[in-house]
Amino acid sequence: MIIFSAVKLKELFIKERDYPWQKPNSCPRCNSCRLWGHGFAPAIFDGFIRALLLKLYRCPDCGCVVRLRPKGYFKRFQASVATIRSSIACKAAANRWLAGVERTRQCHWFRFLCKRIKVCLTDTWCHGIVAGFDYLLQLGQIPVSRAI
Ligand SMILES: [Zn+2]
């Protein structure tokens, strides 16, 4: 179970295990108010030379493991939502990729987004690719995810 939390990545990078995580008030599955620390899981984010440690909690009542993730990032994505959106916008407007971000990844984002727009919003979608991104995001989807 993932809970998105306001995390200052730079501070987390420096403080590592001493970062002051905001503990969730209750278990997202069973609502128990007992959540215990359950160690850390490393995760890679763009702009940091080593993995950042994301805090885990475990609910002793239902066994659910809760992983805190920074807001502004999709799960399993290293780049921020803002960076991914800029990449899509740049490609759509100027037909080029963003500088400083690996081309293959940007290419994947774009391709998966096109596919998802086709499948979820159908061929009749006529508002453009960036609007498609925003619309899918609003629906709670990861617009650039491979799995549909
Ligand atoms: Zn629980």
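Residues numbered from 1 in each chain as written. Predicted model: local features only at pLDDT ≥ 70, side-chain atom pairs only at ≥ 80, totals over all residues. Heavy atoms only, no water.

Caption draft 1: Seen up close, the overall build of the protein. Across its full length, the protein carries four helices and four strands. For the protein, the succession of helices and strands along the chain, N to C, is β-α-β-β-β-α-α-α. Across its three principal axes, the protein shows a C-alpha extent of roughly 50 × 35 × 20 Å. The buried share of the protein, taken over its 148 residues, is 39%. A separation threshold of at least 6 residues defines the contact pool for the protein, and within that pool the share at least 24 residues apart is 51%. Of the accessible surface of the protein, which amounts to about 8900 Å², a share of 52% is contributed by carbon and sulfur atoms. With 25 positive and 8 negative side-chain charges, the protein shows a separation of 4 Å between the mean positions of the two kinds. (Helix = DSSP H or I, 4+ residues; strand = E, 2+ residues; numbered from the N terminus. Buried < 20%, exposed > 50% of the residue type's maximum accessible area, 1.4 Å probe, protein only. Contact = heavy atoms within 4.5 Å. Areas by Shrake-Rupley, 256 points an atom, 1.4 Å probe, with all protein chains shown as cover. Lys, Arg positive; Asp, Glu negative; His and termini not counted. Charge placed at Lys NZ, Arg CZ, Asp CG, Glu CD.)

Caption draft 2: Main features of the coordination of the zinc ion. Around the zinc ion, the protein supplies Cys-27 (SG), Cys-30 (SG), Cys-59 (SG) and Cys-62 (SG) as donor atoms, at distances of 2.3 to 2.4 Å. Every donor counted, the four donor atoms about the zinc ion form angles of 105 to 112° at the centre, which fits tetrahedral coordination. Ordering the donors of the zinc ion by residue number gives the pattern C-x2-C-x28-C-x2-C. Placement of the pair is Cys-27 in the loop between α1 (9–15) and β2 (36–43) and Cys-59 in the loop between β3 (52–58) and β4 (65–70), with a sequence separation of 32 residues. Considered together, Cys-27 and Cys-59 belong to a single accessibility category, that of buried residues. (Donors = N, O, S within 2.8 Å, 3.2 Å for Na, K, Ca; no water. Tetrahedral: all angles 85-135°; square planar, octahedral: opposite > 155°, others 65-115°.)

Caption draft 3: Inspection of the environment of Arg-29 at higher detail. In this structure, Arg-29 sits in the loop between α1 and β2. A C-alpha to C-alpha distance of 12 Å links Arg-29 and Tyr-57, two positions 28 residues apart in sequence. Leave out the neighbours within four places in its chain, and Arg-29 touches Met-1, Cys-62 and Cys-64. At 3.5 Å, the side chain of Arg-29 forms a polar contact with the backbone oxygen of Cys-62. (Polar contact = N/O pair within 3.5 Å; in protein donor to acceptor, adjacent residues only side chain to side chain.)

Caption draft 4: Fine view of the pairing of β3. The element β3 is largely enclosed, with a buried count of six among its seven residues. Taken together, β3 and the strand that follows it, β4, pair antiparallel across an intervening segment of six residues, in which Gly-63 is found at a positive phi of about 85°. (Pairing = 2+ DSSP bridges.)

Caption draft 5: Spotlight on the sheet that holds β2. With mixed pairing, the four strands of this open sheet are ordered in space as β1-β4-β3-β2. At either end of the open sheet lies a strand with only one pairing partner, and these are β1 (2–5) and β2. Within the sheet, the average angular offset between the axes of one strand and its neighbour, ignoring direction, is 30°. (Axes fitted to C-alpha atoms, helices over the stretch in contact; angles between N-to-C directions.)

Caption draft 6: Spatial organisation of the packing of aromatic side chains. Summed over the entire model, instances satisfying the criterion amount to six aromatic pairs. On the basis of an interplanar angle of 80° and a centroid distance of 4.9 Å, the ring pair of Phe-45 and Tyr-73 is categorised as edge-to-face. Taken as a pair, Phe-45 in the loop between β2 and β3 and Tyr-73 in the loop between β4 and α2 (81–94) lie far apart in primary sequence, 28 residues in all. Comparing Phe-45 with Tyr-73 shows no difference in burial state: the two are buried. Here the aromatic rings of Phe-74 and Phe-77 are separated by 5.8 Å at their centres, their planes lie at 75°, and the arrangement is edge-to-face. Accessibility assignment for this pair places Phe-74 and Phe-77 in one class, buried. In this arrangement the basic side chain of Lys-91 is found over the ring face of Trp-97, its NZ or CZ atom lying 4.6 Å from the centre. (Phe/Tyr/Trp six-rings, centres within 6.5 Å; stacked < 30°, edge-to-face > 60°. Lys NZ or Arg CZ within 6 Å of the ring centre and 35° of its normal.)

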